[in-house]
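# Descriptive structure summary
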Amino acid sequence: MAQSDPRRAVPRTDVLMAHPDLVAAAARHGVATVKAAVRSAQSRARSGEIAPDDVVTAARAALPARSTSLRPLLNATGVVVHTNIGRAPLSDAAVDAVVAAAAYVDVEYDTATGARARRGRGTLEALRAAVPAAGDALVVNNGAAALVLATTALAASREVLVSRGEMVEIGDGFRLPDLIASTGARLREVGTTNRTRLADYADALGPDTGCILKVHPSNFRVEGFTSAASVRELASLGAPLVVDIGSGLLRPDPVLPDEPDATTALTDGATVVTASGDKLLGGPQAGLVLGEGATVERLRRHPLARALRVDKLTLAALEATLRGPVPPVTDYLHVDLDRLRARTERLAAAVGGEVVAVEGRVGGGGAPGLPLPGWAVALPEECAERLRQGEPGVVARVERGRCLVDLRCVPPGRDVDVERAVLAARGADLPSGD
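What this report covers is the structure whose coordinates are included nearby. (Residues numbered from 1 in each chain as written. Predicted model: local features only at pLDDT ≥ 70, side-chain atom pairs only at ≥ 80, totals over all residues. Heavy atoms only, no water.)

A word on unusual backbone geometry. Most of the time, phi is negative for any residue but glycine, and the peptide bond is trans. For the peptide bond that leads from glutamate 391 to proline 392, omega is 0°, which places it in the cis range. With respect to the secondary-structure elements, proline 392 resides in the loop between helix H17 (383-389) and strand E13 (393-399). Of note in this structure, serine 157 is not a glycine but carries a positive phi near 65°. Residue position: serine 157 is located in the loop between helix H7 (143-155) and strand E3 (159-163). Here alanine 367, not a glycine, exhibits a phi torsion of approximately 45°, which is positive. Mapped onto the secondary structure, alanine 367 falls in the loop between strand E11 (354-360) and strand E12 (372-380). When its relative accessible area of 10% is taken as the criterion, alanine 367 is described as buried. (Helix = DSSP H or I, 4+ residues; strand = E, 2+ residues; numbered from the N terminus. Buried < 20%, exposed > 50% of the residue type's maximum accessible area, 1.4 Å probe, protein only.)

Okay, helix H14 (residues 312-323) next. Relative to the 16 Å expected for 12 residues at 1.5 Å per residue, H14 spans 16 Å between its end C-alpha atoms, a close match to the ideal helical length. Residues of H14 that are buried make contact with helix H5 (92-101), helix H6 (121-130), strand E2 (136-140) and strand E10 (287-291). (Expected span 1.5 Å × (residues − 1). Contact = heavy atoms within 4.5 Å.)

Our focus in this paragraph is the pattern of salt bridges. Tallied over the entire structure, the rule returns 28 salt bridges. Of the charged contacts, one joins arginine 66 and glutamate 391 as a salt bridge, the two residues approaching to 3.1 Å between their closest N and O atoms. Residue arginine 66 is located in the loop between helix H4 (55-62) and strand E1 (73-76), and its partner glutamate 391 is located in the loop between H17 and E13; the two are separated by 325 residues in the primary sequence. Arginine 66 gets classed as partly exposed once you look at its relative accessible area, which sits at 27%. (Salt bridge = Lys/Arg side-chain N within 4 Å of Asp/Glu carboxyl O.)

For the rest of this paragraph, the subject is the nonpolar core. Formed by 35 residues in total, the largest nonpolar core has its most connected members in Val243, Leu250, Val273, Leu290 and Leu322. Ranked by residue count, the leading element in this core is H6, at four residues. Not counting residues up to four positions away in its chain, the partners in contact with leucine 290 are Leu127, Val131, Ala134, Asp136, Ala137, Leu250, Ala262, Leu266, Thr271, Val272, Val273 and Val296. Counting residues in each nonpolar core, the second largest holds 28 residues, with Ala145, Val148, Leu176 and Ala305 among its members. (Core = buried A, V, L, I, M, F, W, Y, C linked by side-chain atoms within 4.5 Å.)

This part is about the sheet that holds E1. As a general point, the strands of a sheet are linked pairwise by backbone hydrogen bonds and lie either parallel or antiparallel. One open sheet holds the five strands; their spatial order is E1-E13-E14-E12-E11, and the pairing between them is mixed. This sheet does not close on itself; its edge strands, each paired only once, are E1 and E11. Strand-to-strand twist in this sheet, taken as the mean axis angle between neighbours without regard to direction, amounts to 45°. Both E12 and strand E14 (residues 402-405) contribute to a ladder of four bridges, which runs antiparallel. Each bridged residue has a counterpart across the sheet, and for valine 377 the counterpart in E14 is valine 405. Contacts between helix H16 (residues 337-351) and the sheet are confined to E11, E12 and E14, with E12 contributing the most and set at about 5° to the helix. Its contacts with the sheet place helix H18 (residues 415-426) against E1, E12, E13 and E14, and it is angled at close to 35° to E12. (Pairing = 2+ DSSP bridges. Axes fitted to C-alpha atoms, helices over the stretch in contact; angles between N-to-C directions.)

With that settled, the discussion passes to the sheet that holds strand E8 (residues 241-246). Taken in spatial order, the seven strands make up an open sheet running E2-E10-E9-E8-E7-E3-E6, and their pairing is mixed. The sheet is open, and its two edges are formed by E2 and strand E6 (186-190), each paired on a single side. Each strand axis lies, on average, 25° off the axis of its neighbour in the sheet, ignoring direction. As paired elements, E3 and strand E7 (residues 209-215) share three bridges and run parallel to each other. Across the sheet, the residue bridging to valine 160 is cysteine 211, located in E7.

This paragraph deals with the environment of aspartate 244. When you line up the elements, aspartate 244 lands in strand E8. Put simply, aspartate 244 and leucine 138 are 106 residues apart on the chain and 14 Å apart in space, counted from C-alpha to C-alpha. Engagement of the side chain of aspartate 244 in a polar contact is seen with the backbone nitrogen of glycine 246, the distance being 3.5 Å. A distance of 2.9 Å separates a polar atom in the side chain of aspartate 244 from a polar atom in the side chain of threonine 274. (Polar contact = N/O pair within 3.5 Å; in protein donor to acceptor, adjacent residues only side chain to side chain.)

Further remarks concern the state of the cysteines. Inspection of every chain in the model, using the stated rule, returns zero disulfides. Between cysteine 383, a free cysteine, and cysteine 403, which holds the nearest cysteine sulfur, the sulfur-to-sulfur gap is 5.7 Å. (Disulfide = S-S within 2.5 Å.)

The following block contains the structure:
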């Protein structure tokens, strides 16, 4: 008797898609994604690679572990605000706020009257409360957008005075001159790279001046024979003064003694302060505009503000960051060094590594050159790649031929995950039984 074709035993697509496991998967990943996994499994069954009864299992295994291609990572670099892996991690309160805002919310709706309301009013109130020196506040989609909006509204077709020593590149090849030129303003450089005096600004000031711009030189320091005009001095010139503090520190922090902050800049006379929300503030990506009430309102009413506005998820996360508990970034900057060393020693003992003294960094352009003393577990250099590709992914630092695992930015509750990841990464090197 002729044998029946085994391919006939492969279940039909509609039958498979009705399987309870795949129905649940479709609710999470979408019908198209699950159907693609089903058809791939059917093809494997028809070729004899797997049995027809294993099609559902194979389809489930082919589905992504998450609904996004973004992969969660543990930051063991010792760099607190690490741009390449997402800058500031959100607090639990901010995460809860994002989840709540994912549905319909009163983002610009007054439930009492049924009329339209100011967008993100709760977030703006939280910003004003956090920086009482600001007459008003505005939120846009990132720090560069805040600076662009300020210079466009105040100096389009006019001059922006800026020190040559502050003509910075803000990252990924974006340079301040190009950014300002895109607004229609004209940059007028004053002073020199290492020394710019108040008189340099005063000499350049004229009827065509739209504003004076003072920029925090992120990621580098100029040392030696240097000088710069202070915010207080520049404010005395009478022209609108835009101060870009960059990293988003709202108040002075003794751990960061030389880092500019919004409160001090405004108290010293800045008209407007611009900053990022996802650096030292510890919130989501956002651009903060804080300053004199009438000027901030002028920026708010500018047509460009509509193109730069943030969504409800950002507003929710930012408000929760401002009103809620201390965010992770602040905890990591102020870590208890005795506890950090104890955690590091426990990890080293568990994985067969060596405890070494290290210097972490603030990162994200904040406090350039400032060391953050701490400790790390030193491992063979090849462990770094294995840790990155493991599950969970752990990003460590490679320095002088060693892989350094720094727990400063790892939540203590995740130490056991780092330990397991390191043991897996070292599995190929450790003798059997170790």
